[in-house]
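# Overview (structure and organization)
Residue-level listing of the chains:
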Amino acid sequence: MHLGILQEHGDTLRFAISSLQRYLSARRLLEEGIYTRLTYPEFDAMGNRKPTQWDDIILQATELLPPQMLLQTIDSIGDVDPFFAYQCVTHHQVTAADV
């Protein structure tokens, strides 16, 4: 049966739908622990935080968390990378009333 979820390219398989790949990666990351992929921030010459390869997946994973766990997770992310924690806050539109 062909469902169109994976595409074969030579010797490799790829997800036909990238959002499905991100979702499955986010689910797996929640099982492993978001903290396994957090790193201390690095900055470019202009002083901007350099995004990591895991930023999008971590943001996707936080979307799967219940509200109370989300706040605890963002707080823990802030212990390692406060700049990314702020990005999570703005992504989820967390306000002082939520805290």
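Look up a bit, the structure's there.
Residues numbered from 1 in each chain as written. Predicted model: local features only at pLDDT ≥ 70, side-chain atom pairs only at ≥ 80, totals over all residues. Heavy atoms only, no water.

This brings us to the overall build of the protein. Each helix and strand in the protein was counted, giving 4 helices and 2 strands. Reading the helices (α) and strands (β) of the protein from amino to carboxyl end gives β-β-α-α-α-α. Residue pairs at least 24 apart in sequence account for 53% of intrachain contacts in the protein once pairs closer than 6 positions are excluded. Accessible area for the protein stands at about 7200 Å²; split by element, carbon and sulfur atoms hold 53% of it. (Helix = DSSP H or I, 4+ residues; strand = E, 2+ residues; numbered from the N terminus. Contact = heavy atoms within 4.5 Å. Areas by Shrake-Rupley, 256 points an atom, 1.4 Å probe, with all protein chains shown as cover.)

This part covers the packing of helix H2 (residues 55–63) against helix H4 (residues 82–92). In contact at an axis separation of 11 Å, H2 and H4 are set at 50° when each is read in the N-to-C sense. Between H2 and H4, the angle falls in the class oblique. In this structure, H2 crosses over H4, and the sense of that crossing is right-handed. For the pair H2 and H4, contact is made by Asp 55, Ile 58, Leu 59, Thr 62 and Glu 63 and by Phe 84, Gln 87, Cys 88, His 91 and His 92, respectively. (Axes fitted to C-alpha atoms, helices over the stretch in contact; angles between N-to-C directions. Parallel < 35°, antiparallel > 145°, perpendicular 65-115°, else oblique. Left-handed = near helix turned anticlockwise from the far one by under 90°.)

Turning our attention to the environment of Gln 87. Along the polypeptide, Gln 87 turns up in helix H4. A relative accessible area of 31% means that Gln 87 is categorised as partly exposed. With 28 residues separating them along the chain, Gln 87 and Leu 59 place their C-alpha atoms 8.9 Å apart. The contacts of Gln 87, once residues within four sequence positions are left out, are Arg 49 and Leu 59. (Buried < 20%, exposed > 50% of the residue type's maximum accessible area, 1.4 Å probe, protein only.)

With that settled, consider the packing of helix H3 (residues 67–80) against H4. Their axes nearest at 6 Å, the elements H3 and H4 cross at an angle of 155°. With respect to their mutual orientation, H3 and H4 come out roughly antiparallel. Residues Leu 70, Ile 74, Ile 77, Gly 78 and Val 80 of H3 touch H4, and the partners they reach there are Pro 82, Phe 84, Ala 85, Cys 88, Val 89 and His 92. Residues belonging to the contact of H3 with H4 are distributed by class as follows: 9 nonpolar, 2 polar and no charged. (Nonpolar A, V, L, I, M, F, W, Y, C, P; charged D, E, K, R; others polar.)

With respect to the helices, strands and loops of the structure, Ile 34 is situated in the loop between helix H1 (18–32) and H2. Note on Ile 34: relative accessible area 4%, which makes it buried. Residues in contact with Ile 34, not counting those within four places in the same chain, are Leu 29, Ile 58, Ala 61, Thr 62, Thr 73 and Ile 77.

Our focus in this paragraph is H2. Along an α-helix, a turn takes 3.6 residues, which lines up residues three or four apart on a common side. Residues Asp 55, Ile 57, Ile 58, Leu 59, Ala 61 and Thr 62 constitute the buried set of H2. Tucked into the core, H2 has its buried residues touching H1, H3 and H4.

Counting residues in hydrophobic clusters, the biggest one holds 17 residues, and the most contacted among them are Ile 34, Ile 58, Ile 77 and Phe 84. Elements with a minimum of two residues in this core: H1, H2, H3 and H4. Excluding anything up to four places from it in sequence, Ile 77 contacts Ile 34, Leu 38, Ile 58, Pro 82, Phe 84, Ala 85 and Cys 88. (Core = buried A, V, L, I, M, F, W, Y, C linked by side-chain atoms within 4.5 Å.)

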